[in-house]
Every structure is written in structure tokens, then in C-alpha cells.
Amino acid sequence: MGGNNSYNKTLDRVRGSKRSHQEFHHRIDGHKILLQNRCVRQVKVPVNSNSESPIYLCGRKRKDGSVEISSIGIYKDHKCVGQIDLVFDSKGNLIPFSNNGKGTSHYHNFPQNAKTGEVGRKSGDKQNHLPIDSKYEDLIKKIVEYNKSHRK
């Protein structure tokens, strides 16, 4: 779980010193919940993973100390290929995708740069605010339930 070029093929993992995220002690549907090391109140998905093709649930610590999951990282061959950003109303209910994409839950592709091998997305790219595939519906419902049940 680290930044670009942090996955070491020889070691078959991301070195501890290169890890950008820590694993939280809860899981949802077997998926790890990750918090960013540097700023636990900020949510970013790691671009590399130790596991080959996991789904990571990325969260942040709220001011009240609870953890809220607001992004889902989707990986293939140790690299992030997509990110789902979840947006909630003041009661913790999911705000579903709408065509304008602004202020609603959405999906982003993470293309790989052919020259450098790095993956990422251009922030603010309106062409990369996409609807969320329905195959993630059950997981998202469980995330909403988790977030609501852990609010203080």
C-alpha cells in the first residue's frame, strides 16, 4: 500500500518504509480499511498494493475520532485501476451519482502512463466523473451501514 513505484517485484511487496497507508483494525466483507499515514483526516487511495488485485476501503478519522469510509480503491496486478468516491449527506446517507457529477458519488479510472508506468488521475477531470458500476452496490450499502453505526 504505497505510492507510485513502491511495489517491489523482487520482494513481492511494498516495503514498510514506502507504505503510505496503515491498516485499520476493522474489515467490511473481508476488505481492508486503510487510513493514510501522514494525515488521517484526509482520504487518498494508495496507487500500489501488496496484494495482486484487492479492493481497499479508504477512510479518514473524523473530528469525533470515528472512522468514515469515503473511497474504494480497485486494483489489478498490484496497481490501482479505479477509485469510487462516496459522498454522504449530513445524516450519513449516500448521495448517488447524477449526470452533472458535482457533489455526488462517482467513479474515476486510473490510467497508467505508458512511458513511466505510473498510475493516477488528473484531479478535476470532468470526463473522469463516471457512474458507479452496480456490482459494487452491496459493498457500498455495507459501507453506509458501517459509517452510520460507528458515528459518535
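Residues numbered from 1 in each chain as written. Predicted model: local features only at pLDDT ≥ 70, side-chain atom pairs only at ≥ 80, totals over all residues. Heavy atoms only, no water.

## Considerations on the overall build of the chain
When its secondary structure is counted, the chain shows 1 helix and 8 strands. For the chain, the succession of helices and strands along the chain, N to C, is β-β-β-β-β-β-β-β-α. Of all 152 residues assigned to the chain, the portion counted as buried reaches 41%. Pairs at least 24 residues apart make up 49% of the contacts formed inside the chain by residues separated by at least 6 positions. Summed over all atoms, the accessible surface of the chain reaches about 8,900 Å², with 45% contributed by carbon and sulfur. (Helix = DSSP H or I, 4+ residues; strand = E, 2+ residues; numbered from the N terminus. Buried < 20%, exposed > 50% of the residue type's maximum accessible area, 1.4 Å probe, protein only. Contact = heavy atoms within 4.5 Å. Areas by Shrake-Rupley, 256 points an atom, 1.4 Å probe, with all protein chains shown as cover.)

## Side note on the layout of surface pockets
A volume near 190 Å³ is recorded for the second largest pocket. Around the second largest pocket, the lining residues are Leu94, Pro96, Phe97, Ser105, Ile132, Asp133, Ser134, Tyr136, Glu137, Ile140, Lys141 and Val144. Taken together, the residues of the lining of the second largest pocket sort by class into 7 nonpolar, 2 polar and 3 charged. (1 Å grid on protein atoms, 1.4 Å probe; cavity = no way out; pocket = protein on both sides within 12 Å on 5 of 7 lines; lining within 4 Å. Points joined across faces, edges and corners; volume = space filled by probe spheres on them. Nonpolar A, V, L, I, M, F, W, Y, C, P; charged D, E, K, R; others polar.)

## So, the nonpolar core
Ile28, Ile33, Leu57, Ile72 and Ile143 are the most contacted members of the largest nonpolar core, which totals 20 residues. Those elements giving two or more residues to this core turn out to be strand 3 (21–28), strand 4 (31–36), strand 5 (55–61), strand 6 (67–76) and helix 1 (137–149). A total of 5 residues in this core trace back to one element, the largest contributor, which is helix 1. Beyond its immediate stretch of four places on either side in the chain, isoleucine 143 contacts Ile28, Leu57, Ile69, Ile72 and Leu86. In this structure, Cys58, Cys80, Phe110 and Val119 belong to the second largest nonpolar core, which totals 9 residues. (Core = buried A, V, L, I, M, F, W, Y, C linked by side-chain atoms within 4.5 Å.)

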